[in-house]
Amino acid sequence: MLDDILRVSQDGQRVYLSAGNAEHASDQPVEKKQIKDWLVHHQAGGFFCFDDTIESALTKLNTANGDRESEDFIIAERRDATIEARIADDKMTAYLIVNGACGGRALRGDDILSTLREANIVRGIKKPTLQKLLSASRRLKPGEYLDVPVAFGRQPVAGEDAHIVYLIEDPADRIRRPKERDDGTVDMRDLGEMMMVKQGQPLAKLIAETPGYEGFTVTGSVLSTSPGKPMTLAAHEGSEFSNKDPNILIATIAGIPRLQKDGVAVDDALSLDVVDVNTGHVNFEGSVVIKGDVEVGMKVTASGTVTVGGVVESATITAGADIIVQNGIIGRQVAADSDINCILVADGNIVAKFAQYATLCVNQNLELTLHAMHCHTQVGQSIMISDATKRKGTLAGGEHEVGEKVQAVIVGASAGAHTYIHCFPRLPLLKRQMVELNKDWEDKTAQLDKVKAAEAKLEALPPAKRDAAMVERISSTRDNLFEALEEIEKAIEETDVTIATSYRTASITATKSLLNRVHCTIGEEKHSINSEHGPSVLFYDNAAIELKPYQPNS
């Protein structure tokens, strides 16, 4: 029966089922399984089957009544393995989709290569993946397929900026990181040896910028990169470039190193055991190392760094660089509203364990590990008060003017002292500067209008009547005014950017507790804290000071 209605084409590529002829009718209906078994028996079991067509043909076959003409249905055909490419929208990944052979030719290596060429997939091709794909494709059953990523683009990698690697320790780090005991605890009283360098000792090394790496898409498009920014290593006083390596600085003298943004300076060092009435006041061109204390009423002035191994008590220290105090800074206020008798002024940073009743003027940063109590500070950049564990560090009482931000573990006091903090105190100065710049711009613009009017009058005269000297003077004045206006406009823009940036960076952060009696000013906006809060940060937003919970790394 089945041999009467089923046949394989002469070229062996298709299988036909004839239905509708009464000669093929039978009392028993033909089922789909019988068709599939016949295909297997005639070596066509692997052909691609048109299942819907088989169903339609069997319906016609099993209901044939002799009135219908016989119709041939193609129910299966031999198919070779197929392959096509797919590229992701960003062109960073390419896929090959392989449909298994259905009784036909298996996938060949040439098929893979030609498909890649036709799709213009030319870069980032993983050859081992292609080999595995070819092998796996031969194990696919009819109807199965593989969808495999075979090529990957590469994102561009920006070059790294040039930077300096310091080959010596920052002297201030001795305060920030006290010496560790064998049991892992730290001894706040033992901060190790004073930091000194020897003549010829390497100080810093310049690591050059890198060019970066271009990226590419799987279709071969180049994704451009940007090289790192260069920087210059500078030889400051007390240092020079090594003869062996021009990217390394070495010390020309023995002394105290002072880290700079673009190198290292080495100061000639004066070493003293203490500063008291026996030594008298100290005024030294270079750095001063005091192993012990600076006692009451004494003055120390140095063009470099002043390092104190003990405490500073009711004394005055002025430094052209940093002031590093291994222990505390202690002053006194003789009477209410009177001046504090301990004053430290540094053109760089002040780093100490603690400070109380002291006036601290710092061009850069003030860093304390324990507390600042009832101090008056003027800080160009930031105040940071915290120990290495971030569990201790209190700012309480006093008045503090800070260029950028304040961060302490605890800010304020639960009772007693009021704490006044003013971030971005330069705002009034910048506003006055902006008013003056705008007035200057208006004046110069009015002058330019007059010059243009005079120039127009001259141009209206016949050339023979024009005074050449006058023409030259007017032209020169006009050009000078244009140049001046450009400079003013640039200064206005820079001042505006400075104001906006300063507002963004100004903040007051308490990483553990923000207590009451804290009076905050950012720019000209004010906000007082009259209740206790947990970890908090105050910042400027939309013409007001906002308070929100502090979250590390936010």
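Because the structure is predicted, anything quoted here is derived from the model rather than measured.

1. Some details on the overall build of the protein
Along the backbone of the protein there are eight helices and 41 strands. The C-alpha atoms of the protein give 42 Å as radius of gyration, which overshoots the globular expectation for 554 residues (24 Å, by more than 25%). With the C-alpha coordinates of the protein rotated into their principal frame, the extents come out at 130 × 95 × 60 Å. Taken over 554 residues, the protein has a buried fraction of 40%. The contacts in the protein between residues at least 6 apart in sequence include a share of 50% that link residues at least 24 apart. Just so you have it, the protein exposes about 30400 Å², and 48% of that area is on carbon and sulfur atoms.

2. Re the pairing of strand E27 (residues 343–346)
Going residue by residue along E27, you find Leu 344 and Ala 346 tucked away on one face and Ile 343 and Val 345 left uncovered on the opposite face. Where strand E25 (residues 316–319) and E27 come together, four bridges link them in parallel fashion. Bridge pairing in E27 places Ile 317 opposite Leu 344. The pairing of E27 with strand E29 (residues 359–362) spans four bridges and is parallel. What sits directly across from Leu 344, in E29, is Leu 360.

3. Side note on the side chain of Ser 513
Following the sequence through the fold, Ser 513 ends up in strand E37 (residues 507–514). Residue Ser 513 is classed as buried on the basis of its relative accessible area, which comes to 18%. Excluding residues that lie within four positions of it along the chain, Ser 513 makes contacts with Val 409, Ile 410, Val 411, His 533 and Gly 534.

4. Considerations on the nonpolar core
Counting 57 residues, the largest nonpolar core has Val 294, Val 300, Val 312, Ile 317, Ile 329, Leu 344 and Ile 350 as the members making the most contacts within it. Not counting chain neighbours up to four residues away, the residues in contact with Ile 329 comprise Val 312, Cys 342, Leu 344, Ile 350, Ala 352, Phe 354, Ala 355, Gln 356, Ala 358 and Leu 360. If you look at the next biggest cluster of nonpolar residues, it comprises 20 residues, including Ala 19, Ile 35, Leu 39 and Leu 61.

5. Section: the side chain of Thr 394
By secondary structure assignment, the location of Thr 394 is in strand E33 (residues 394–396). The contact partners of Thr 394, leaving out residues within four places of it in the chain, are Leu 370, His 371, Ala 372, Met 373, Ile 385, Ile 410 and Gly 412.

6. Quick word on a negative patch on the surface
Side chains of Glu 483, Glu 486, Glu 487, Glu 489, Glu 493, Glu 494 and Asp 496 sit close together on the surface and give a patch of like negative charge. If you trace the backbone, Glu 487 turns up in helix H8 (residues 468–505).

7. A short note on the sheet that holds strand E17 (residues 256–260)
Spatially, E14-E18-E17 is the arrangement adopted by the three strands of the open sheet, whose pairing is mixed. Sheet topology places strand E14 (234–235) and E17 at the edges, where each strand pairs with a single neighbour. In terms of strand pairing, E17 meets strand E18 (residues 263–267) through five bridges, oriented antiparallel. From the neighbouring strand, Leu 259 faces E18, where its bridge partner is Val 264.

8. Description of the sheet that holds strand E3 (residues 48–49)
Within the open sheet, the four strands sit side by side as E1-E2-E4-E3. Their pairing is antiparallel. The sheet is open, and its two edges are formed by strand E1 (6–8) and E3, each paired on a single side. Judged from the three bridges that link them, E1 and strand E2 (residues 14–19) form a sheet pairing that is antiparallel. Residue Val 8 lies in a different strand from E2, and its bridge partner there is Val 15. Across the sheet, helix H2 (residues 32–41) is in contact with E1, E2, E3 and strand E4 (71–77); its angle to E1 comes to roughly 30°. The sheet contacts of helix H3 (residues 51–62) involve E2, E3 and E4, and relative to E4 the element is tilted by about 150°.

9. Re unusual backbone geometry
In this structure, Lys 91 takes a positive phi of about 60° despite not being glycine. Relative to the assigned elements, Lys 91 resides in the loop between strand E5 (82–87) and strand E6 (93–99).

10. Focus on the packing of aromatic side chains
For the structure on display, the rule yields two aromatic pairs. A centroid spacing of 5.2 Å and a plane angle of 85° characterise the contact between Phe 424 and Tyr 503, whose relative ring orientation is edge-to-face. Taken together, the residues span a long stretch of sequence, with Phe 424 in the loop between strand E36 (419–423) and helix H7 (427–460) and Tyr 503 in helix H8 at a distance of 79 residues. Using a relative accessible area of 2% as the deciding quantity, one classes Phe 424 as buried. In this structure Tyr 503 comes out as buried when scored by relative accessible area, which is 13%. Aromatic pair Tyr 503 and Tyr 540: ring centres 3.8 Å apart, planes at 20°, arrangement stacked. A residue pair is termed long-range when its members are at least 10 positions apart, and Tyr 503 in helix H8 and Tyr 540 in strand E40 (residues 536–541) qualify at 37 residues.

11. Points about the environment of Thr 377
In this structure, Thr 377 sits in strand E31 (residues 376–379). Under the relative-accessibility criterion, Thr 377 is labelled buried at 3%. Placed 343 residues apart in sequence, Thr 377 and Gln 34 show a C-alpha to C-alpha distance of 98 Å. If sequence neighbours within four positions are ignored, Thr 377 has contacts with Leu 360, Leu 366, Ile 383, Glu 399, His 400 and Glu 401. A polar side-chain atom of Thr 377 sits 2.8 Å from a polar atom in the side chain of His 400.

12. Looking at the pattern of salt bridges
Opposite charge on two side chains makes pairing possible when the charged atoms of those side chains draw close. Counted by the stated rule, this structure contains 14 salt bridges. Note that Arg 7 is salt-bridged to Asp 72, the shortest N-O span being 3.2 Å. Residue Arg 7 is located in strand E1, and its partner Asp 72 is located in strand E4; the two are separated by 65 residues in the primary sequence. Between Lys 33 and Asp 37 there is a salt bridge whose closest N-O contact spans 3.0 Å. Of this pair, Lys 33 and Asp 37 both sit in helix H2, four residues apart, which is roughly one turn of the helix.

13. Description of the environment of Thr 521
Inspection of the secondary structure assignment puts Thr 521 in strand E38 (residues 518–522). The exposure class assigned to Thr 521 is buried, which follows from its relative accessible area of 11%. Sequence separation between Thr 521 and Ala 506 is 15 residues; the distance between their C-alpha atoms is 9.9 Å.

Conventions we followed
- Residues numbered from 1 in each chain as written.
- Predicted model: local features only at pLDDT ≥ 70, side-chain atom pairs only at ≥ 80, totals over all residues.
- Heavy atoms only, no water.
- Helix = DSSP H or I, 4+ residues; strand = E, 2+ residues; numbered from the N terminus.
- Rg over C-alpha atoms; globule rule 2.2 N^0.38 Å.
- Buried < 20%, exposed > 50% of the residue type's maximum accessible area, 1.4 Å probe, protein only.
- Contact = heavy atoms within 4.5 Å.
- Areas by Shrake-Rupley, 256 points an atom, 1.4 Å probe, with all protein chains shown as cover.
- Pairing = 2+ DSSP bridges.
- Core = buried A, V, L, I, M, F, W, Y, C linked by side-chain atoms within 4.5 Å.
- Patch = residues over 30% accessible without salt bridge, like charges linked within 9 Å, V, L, I, M, F, W, Y side chains within 5 Å.
- Salt bridge = Lys/Arg side-chain N within 4 Å of Asp/Glu carboxyl O.
- Lys, Arg positive; Asp, Glu negative; His and termini not counted.
- Charge placed at Lys NZ, Arg CZ, Asp CG, Glu CD.
- Axes fitted to C-alpha atoms, helices over the stretch in contact; angles between N-to-C directions.
- Phe/Tyr/Trp six-rings, centres within 6.5 Å; stacked < 30°, edge-to-face > 60°.
- Polar contact = N/O pair within 3.5 Å; in protein donor to acceptor, adjacent residues only side chain to side chain.

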